[in-house]
Amino acid sequence: MVNKDIARQFNLLASLMELHGENAFKTKAYSGAYLSIRKWDAPIEEMAAEDIDKIPGIGSSVISKIKELLSIGHIDALEKLKDKTPEGIQQLLSVKGLGPKKIRVIWDALKIESPAELLYACTENRLIKLPGFGLKTQQDLQQKITYFLDSQDSYLYGNIEEELGVILKKIQKALPGYQLDWVGEFATKAPVISKLQMLVAPLLPSEKLAGLAGVLVKEESPEEAFEIEYEERLKITIHTCLKRDFNNLWCLHTMNAGLYDRLAELDELGTGQDIEEVLTNAGFEGLPPELFDREEIESYPPAYWEDLVSEGDIKGIIHNHSTYSDGMNSLEEMAVHVRDAGYQYFAICDHSRSAFYAQGLSVDRVIEQMEEIDRLNEKFAPFKIFKGIESDILGDGSLDYEDDVLDKFDLIVASIHSNLRMEEAKAMSRLITAIENPFTRILGHPTGRLLLARQGYPINHRKVIDACAANGVAIELNANPLRLDIDYTWLDYCMEKEVMVSINPDAHSRAQVAYVRYGVLAARKGGLKVESCLNAFTLEEFGKWLRKK
Ligand SMILES: [Zn+2]
Ligand SMILES: [Zn+2]
């Protein structure tokens, strides 16, 4: 064990002690030990016990722990602290710029126990009002956590889409005459990407990338592939091939085996024809990249991917928050933004009164907001703002206001936000009760999952979708790239049951309205048709749908 590793153990010990509010004097001694050990230039592991005693700047308690570590491989006190600290909290300790004090506040006040949950809380503006935090801190943290998550093994599509575009351009510029593109999961727009892969032709020696700013070549170039690290975060596998093999390998790395085989049979992938043409010749005209990796897509009829919903089909933006609850922008700012982006309508769905952590609306505030909406609607016609609410589904499945208040809304999105740790039976009874409530129009983020963070409570998807079908309730595909809930694999069943799917950004700021894009991409992966997408309805159609119940 080298000195750096020994030092690191003491740093972690000090951090965990501070996190758990243990003796400040001892905590200080251990963080001091971290610095002293790092500075010490002789390898401690090779020192005699009596010499270790003489290392300057460390006391007897540290010395005995160093000896413990070297003899049994761990420090008992540290292991005990680790045992009472959730894994995700320990991960947060390794996020640069986030110390134990702040983590303790977040853990206690928001019950957050992992980096991705913290990222999500930032998108919902949960940190701004915490003691010692503020808007700037929240923004800084959001960026740091995004970077932290990117340096782990998996990536969220929505977090890296823009950056990967920039990287491709940058490498292209450095390699004039080369052909390159992303392949694999990113090319199929998978919500979670476990491996970033780029294809380059003709054959590229790894040294050619070594001089590029931000690029670290991890392995020397074998024949076909090598690994680079971009800005110490993104691990990218570079596949390289002859130019004539480019299309063939693009398909091999991106498509499922069955589809690839069907294309390869034609022997056209090396003839310079583009991939779209080859797809057409093989009987897959218009098959979009989102479906390239779908299991057995080669056996689906072409009608399956006709009329898939696309970004241009979205006519209205449903489920948004404003400064009435926990949004960053006022109702008017949100509405103007949506109108100017070319949409026909907008539904505000701030949090309901039980969501106190999100400044949920009292009945008085609901009335106030409705009056403002009436005024804005006069001003903005024909653009229309709908009066909605995101009602908490309470413990017993009921909605969050009396019927006379619920009756005043144009639409109610019903979502579970509290007591997420529950068994399937409990989750199902809450959900089904809420779906059967005559005021519910859309079921919000049905499982409560956060990608890369928490699974969500267990539900029986079929039964939930069946209940929505029976009660004329639409299901949300929450478009926040961390949620994408309902999972796209259930969209086929929604369509089979004629349940409408609403692609909602759940925007807590103007910028987040753009999340709709990630919802649409996921919807396309699930084969969602434009006719089954609720917010592809025109203003008139949507109004009619609302009045149906
Ligand atoms: Zn929600
Ligand atoms: Zn919401």
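Everything below is about the structure shown above.
Calculation criteria
Residues numbered from 1 in each chain as written. Chains lettered and ligands numbered in written order. Predicted model: local features only at pLDDT ≥ 70, side-chain atom pairs only at ≥ 80, totals over all residues. Heavy atoms only, no water. Donors = N, O, S within 2.8 Å, 3.2 Å for Na, K, Ca; no water. Tetrahedral: all angles 85-135°; square planar, octahedral: opposite > 155°, others 65-115°. Helix = DSSP H or I, 4+ residues; strand = E, 2+ residues; numbered from the N terminus. Buried < 20%, exposed > 50% of the residue type's maximum accessible area, 1.4 Å probe, protein only. Pairing = 2+ DSSP bridges. Axes fitted to C-alpha atoms, helices over the stretch in contact; angles between N-to-C directions. Contact = heavy atoms within 4.5 Å. Salt bridge = Lys/Arg side-chain N within 4 Å of Asp/Glu carboxyl O. Phe/Tyr/Trp six-rings, centres within 6.5 Å; stacked < 30°, edge-to-face > 60°. Lys NZ or Arg CZ within 6 Å of the ring centre and 35° of its normal. Expected span 1.5 Å × (residues − 1). Arc of directions from axis to C-beta. Core = buried A, V, L, I, M, F, W, Y, C linked by side-chain atoms within 4.5 Å. Patch = residues over 30% accessible without salt bridge, like charges linked within 9 Å, V, L, I, M, F, W, Y side chains within 5 Å. Areas by Shrake-Rupley, 256 points an atom, 1.4 Å probe, with all protein chains shown as cover. Lys, Arg positive; Asp, Glu negative; His and termini not counted. Charge placed at Lys NZ, Arg CZ, Asp CG, Glu CD. Disulfide = S-S within 2.5 Å.

Caption draft 1: Summary view of the coordination of the zinc ion (ligand 2). Within the first shell, the zinc ion (ligand 2) binds the protein through His 319 (NE2), His 321 (NE2), Glu 390 (OE) and Asp 506 (OD), at distances of 2.1 to 2.2 Å. With four donor atoms in place around the zinc ion (ligand 2) and angles of 81 to 170 degrees between them, the coordination shape is irregular. Read in sequence order, the donor residues coordinating the zinc ion (ligand 2) give the pattern H-x1-H-x68-E-x115-D. Taken as an interatomic distance, the gap from the zinc ion (ligand 2) to the zinc ion (ligand 1) is 3.4 Å; Glu 390 donates to each of them. Within this pair, whereas His 319 is found in strand S8 (residues 316–320), its partner Glu 390 is found in strand S10 (residues 384–392), the two being separated by 71 residues in sequence. This pair shows no difference in class: His 319 is buried, exactly as Glu 390 is.

Caption draft 2: Spatial organisation of the sheet that holds strand S5 (residues 215–217). As summarised here, the arrangement of the five strands in space is S2-S4-S7-S6-S5, forming an open sheet in which the pairing is mixed. At either margin of the open sheet sits one strand with a lone partner, and together these are strand S2 (179–183) and S5. On average, each strand axis in the sheet is tilted by 30 degrees relative to the strand beside it, whichever way the strands run. Alignment of strand S6 (residues 225–230) against strand S7 (residues 234–240), held across six bridges, turns out to be antiparallel. Residue pairing in the sheet places Glu 229 in a bridge with Lys 235 of S7. Along the sheet, helix H10 (residues 157–174) makes contact with S2, strand S4 (196–201), S6 and S7, crossing S2 at roughly 160 degrees. Strands S2, S4 and S7 of the sheet are contacted by helix H12 (residues 246–254), whose axis makes an angle of about 10 degrees with S2.

Caption draft 3: Local environment of the coordination of the zinc ion (ligand 1). Taken together, Glu 390 (OE), His 417 (NE2) and His 445 (NE2) make up the protein donors of the zinc ion (ligand 1), found 2.1 to 2.2 Å from the metal. The sequence pattern describing where the donors of the zinc ion (ligand 1) fall on their chain is E-x26-H-x27-H.

Caption draft 4: A look at the side chain of Glu 229. Considering the arrangement of structural elements, one finds Glu 229 in strand S6. Not counting the four nearest positions on each side in its chain, Glu 229 is found in contact with Gly 214, Val 215, Leu 216, Lys 218, Leu 234 and Lys 235.

Caption draft 5: Quick peek at the side chain of Thr 146. Here Thr 146 shows up in helix H9 (residues 135–150). Contact partners of Thr 146, with chain neighbours within four places excluded, come to Leu 119 and Asn 159.

Caption draft 6: Quick look at the pattern of salt bridges. Tallied over the full model, the rule gives 29 salt bridges. The partner of Arg 524 in a salt bridge is Glu 290, and the shortest N-O contact between them spans 2.8 Å. Within this pair, whereas Arg 524 is found in helix H21 (residues 516–525), its partner Glu 290 is found in the loop between helix H14 (275–281) and S8, the two being separated by 234 residues in sequence. When sorted by exposure, Arg 524 lands in the same class as Glu 290, which is buried. Asp 374 is the salt-bridge partner of Lys 387, the closest N and O atoms lying 2.8 Å from each other. With Lys 387 in strand S10 and Asp 374 in helix H16 (residues 363–380), this pair connects stretches of sequence that are 13 residues apart.

Caption draft 7: Summary view of the packing of aromatic side chains. All chains considered together, the criterion is met by 14 aromatic pairs. Ring centres of Tyr 345 and Phe 386 lie 5.9 Å apart, and the angle between their planes is 90 degrees; on these two criteria the pair is classed as edge-to-face. Taken together, the residues span a long stretch of sequence, with Tyr 345 in strand S9 (residues 345–351) and Phe 386 in strand S10 at a distance of 41 residues. Its relative accessible area of 0% is what places Tyr 345 among the buried residues. A connected cluster of aromatic rings, assembled from ring pairs, spans Tyr 157, Trp 182, Phe 186 and Tyr 518. Seen from the ring of Phe 380, Arg 339 lies directly overhead, with NZ or CZ sitting 4.9 Å from the centre.

Caption draft 8: Representation of H16. Helix length check: H16 (18 residues) gives 25 Å between terminal C-alpha atoms against 26 Å at 1.5 Å per residue, within 8%. Within H16 the residues assigned to the buried category are Val 366, Gln 369, Met 370, Glu 372, Ile 373, Leu 376, Asn 377 and Phe 380. Considered in projection along H16, the buried side chains sweep an arc of 170 degrees and stay on one side of the axis. Exposed side of H16, more than 90 degrees from the buried face: Asp 364, Arg 375, Glu 378 and Lys 379 are the residues found there.

Caption draft 9: Layout of the nonpolar core. Counting residues in each nonpolar core, the largest one holds 145 residues, and the members touching the most others are Phe 10 and Leu 209. At eight residues, helix H1 (residues 3–19) tops the list of elements feeding residues into this core. Other than its neighbours up to four places away in sequence, Phe 10 contacts Tyr 30, Ala 33, Tyr 34, Ile 37, Val 62, Lys 65, Ile 66 and Ile 75. Listed in part, the 25 residues of the second largest apolar core include Leu 263, Val 278, Leu 287 and Ile 297.

Caption draft 10: Examining a positive patch on the surface more closely. Together, Lys 384, Lys 544, Arg 547 and Lys 548 make up a positively charged patch on the protein surface. Structurally, Lys 384 can be placed in strand S10. For Lys 384, a relative accessible area of 32% translates into the label partly exposed.

Caption draft 11: Quick look at the environment of Glu 227. Within the fold, Glu 227 resides in strand S6. If we skip the residues at most four places from it in the chain, Glu 227 touches Leu 216, Val 217, Lys 218, Glu 219, Lys 235, Ile 236 and Thr 237.

Caption draft 12: Summary view of the state of the cysteines. In total, this model carries zero disulfides according to the counting rule given. The thiol sulfur of Cys 241 is not disulfide-bonded, and the nearest other cysteine sulfur, from Cys 251, lies at 12 Å. In this structure Cys 251 comes out as buried when scored by relative accessible area, which is 0%.

Caption draft 13: Seen up close, helix H18 (residues 424–436). Between its first and last C-alpha, H18 extends 18 Å over 13 residues, near the 18 Å set by a 1.5 Å rise per residue. Every buried residue of H18 is listed here: Ala 427, Met 428, Arg 430, Leu 431, Ala 434 and Ile 435. Seen from one end, H18 has its buried residues packed into an arc of 165 degrees, which puts them on one side. Those residues of H18 hidden inside the fold are in contact with strand S12 (442–443) and helix H19 (461–471).

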